[in-house]
Amino acid sequence: MLYTIQNSQMRVTIDSLGAQLMSITAADGTEYLWGGDEAYWRNRAPNLFPYVGRLTEGRCTYGGKSYEMTRHGFANRTQFSALESGADHVTLHMEDSGETRAVYPFAFAFDLVYALSGSTLSVTYRVTNRDGKEMYFGLGAHPGFRVPLEPGKAFTDYRLTFAQPCQPWQVLMSDDYLISGQEAPYPLEGGRSMPLRHDLFDHDAIILKNTDRTVTLSAGEGSRGVTVSYPRMRYLGVWHKPESDAPYVCLEPWLSLPSRHGVVEDLSQQNDLMALCPGETYENRWTVTIF
């Protein structure tokens with residue numbers, strides 16, 4: 001089922017499957033979100049829960065037991081229901097089931113709140129621990145944006161520009177796309193910008209930490225673009241399909257990282273996962289502003 005919210009400046013469509021964004025359209029009809037062309041990447045904006053990225057051997061452990069889980073968890077393949085909706089907002093909900101507990105041993109509720117204010121879409125993640133034990137989880141977003149966003153522009157005309165100068169570090173990946181344990185400074189042009197090239201992504205995502213937490217995709221002054229703000233997410237993934245000329249780029253705010261190379265992670269020991277006490281609720285929000 002598709003849900004649509006709108007105001008005078010934008011219209012947003014969300015699929016109940018995965019609570020995934022399907023469209024972000026300006027009032028003049030310009031589409032900003034990647035359209036899911038299977039030749040490059042069939043998804044558009046998956047929500048990553050309860051894990052971000054790959055698990056070593058496709059599994060994790062907890063309490064001495066092993067659990068198999070696919071990349072990016074299972075929320076992106078789960079049907080959500082609407083808890084509450086209005087013209088410019090909707091809250092979508094999923095909770096644990098026998099199927100989820102077979103791969104992730106916790107009772108929980110996971111809600112997404114989509115809300116519009118002017119030209120900004122806010123996405124709020126709300127995780128509630130309904131279990132009697134501490135719950136561990138990862139969380140992230142994976143929205144793809146069209147590049148170019150307007151006629152007459154090329155992919156290489158675009159750049160990512162952080163709101164403030166910063167010196168990010170790149171979290172380096174192993175050959176099997178797990179965390180290698182190594183990091184390196186990631187130089188930005190003028191201390192703020194990353195010009196886009198297709199070959200940036202030939203070894204999968206660029207994962208950055210210690211960034212300013214507002215980044216803009218644009219081709220310069222006067223062009224269409226998007227600004228993604230992620231005040232309480234620790235990492236930013238930047239990606240498109242490796243070794244391709246894919247006409248999109250994903251700007252991915254992440255709370256946590258994939259598994260370390262060669263380590264089958266114990267969920268209670270992976271230090272960047274969120275730990276949530278029984279009965280508690282955790283919220284995190286990121287936003288997209290179109291212009």
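Counting from 1, residues in each chain are numbered in the order their sequence is written. In view of the model being predicted, local features appear only for residues whose pLDDT reaches at least 70, and side-chain atom pairs are presented and counted only at 80 or more, with totals across whole chains, interfaces and linings using the full set of residues. Side-chain metrics in this entry use all non-hydrogen atoms of the structure; hydrogen atoms and water are not considered.

Colleague: Describe the sheet that holds strand β3 (residues 20-26), naming the residues involved and giving the relevant values.
Modeller: Pairing between strands is defined by DSSP: at least two bridges between the two strands are required. Here a strand is any run of E in DSSP of at least two residues, a helix any run of H or I of at least four, and the numbering for each starts at the N terminus. Read from one edge of the open sheet, 3 strands run β1-β2-β3, paired in antiparallel fashion. Two strands bound the open sheet, and with one partner strand each, they are β1 (2-6) and β3. Put simply, the sheet's adjacent strands are angled 15° from each other on average, direction ignored. In this sheet, strand β2 (residues 10-15) lies alongside β1 in antiparallel orientation, the contact comprising 5 bridges. Counted as the bridge partner of I5 is V12 from β2. Axis geometry follows a simple rule: fit a line to the C-alpha atoms, using only the stretch in contact for helices, then measure angles between N-to-C directions, giving values from 0 to 180 degrees.

Colleague: So what about the sheet that holds strand β17 (residues 193-195)? Which residues, and what values?
Modeller: If you trace the 9 strands from one edge of the open sheet to the other, you get β7-β8-β9-β10-β24-β20-β19-β14-β17, paired in antiparallel fashion. Both outer strands of the open sheet, β7 (81-86) and β17, are each paired with one neighbouring strand and no more. Strand-to-strand twist of the sheet, defined as the mean angle between neighbouring strand axes without regard to direction, takes the value 15°. Relative to strand β24 (residues 281-290), strand β20 (residues 226-229) runs antiparallel, the two sharing 4 bridges. By the bridge assignment for β24, S229 is matched with T287.

Colleague: Please set out the nonpolar core residue by residue, giving values where relevant.
Modeller: Of all hydrophobic cores here, the largest spans 76 residues; its most connected members are L21, I24, F110, Y114, L121, F137 and L217. In terms of residue count, strand β9 (residues 108-117) provides more of this core than any other element does, 5 residues in total. Only buried residues count toward a nonpolar core. Its members are Ala, Val, Leu, Ile, Met, Phe, Trp, Tyr and Cys residues joined through side-chain atoms within 4.5 Å. For each residue, the accessible area found with a 1.4 Å probe, counting protein chains only, is set against the maximum for its type, and the residue is called buried under 20%, exposed over 50%, and partly exposed in between. Ranked by size, the runner-up nonpolar core spans 16 residues in total, among them W239, A246, W254 and L257.

Colleague: Requested: an account of the pattern of salt bridges, with residues and values cited.
Modeller: Note on pairing: side chains with opposite charge can pair once their charged atoms come close. Every case where a carboxyl oxygen of Asp or Glu lies within 4 Å of a side-chain nitrogen of Lys or Arg is listed as a salt bridge. Summed over the entire model, instances satisfying the criterion amount to 10 salt bridges. The partner of E283 in a salt bridge is R126, with the nearest N and O atoms 2.8 Å apart. With E283 in strand β24 and R126 in strand β10 (residues 120-129), this pair connects stretches of sequence that are 157 residues apart. Judged by its relative accessible area of 34%, E283 falls in the partly exposed class. What makes R126 partly exposed here is its relative accessible area of 25%. E265 is paired through a salt bridge with R260; the nearest N and O atoms lie 2.8 Å apart.

Colleague: Describe the pairing of β3, naming the residues involved and giving the relevant values.
Modeller: A large share of β3 lies buried, amounting to 7 of its 7 residues. Judged from the 6 bridges that link them, β2 and β3 form a sheet pairing that is antiparallel. Looking at β3, one finds that T13 is bridged to S23. Counted between consecutive antiparallel strands, the loop separating β2 from β3 contains 4 residues, among which G18 sits at a positive phi close to 80°.

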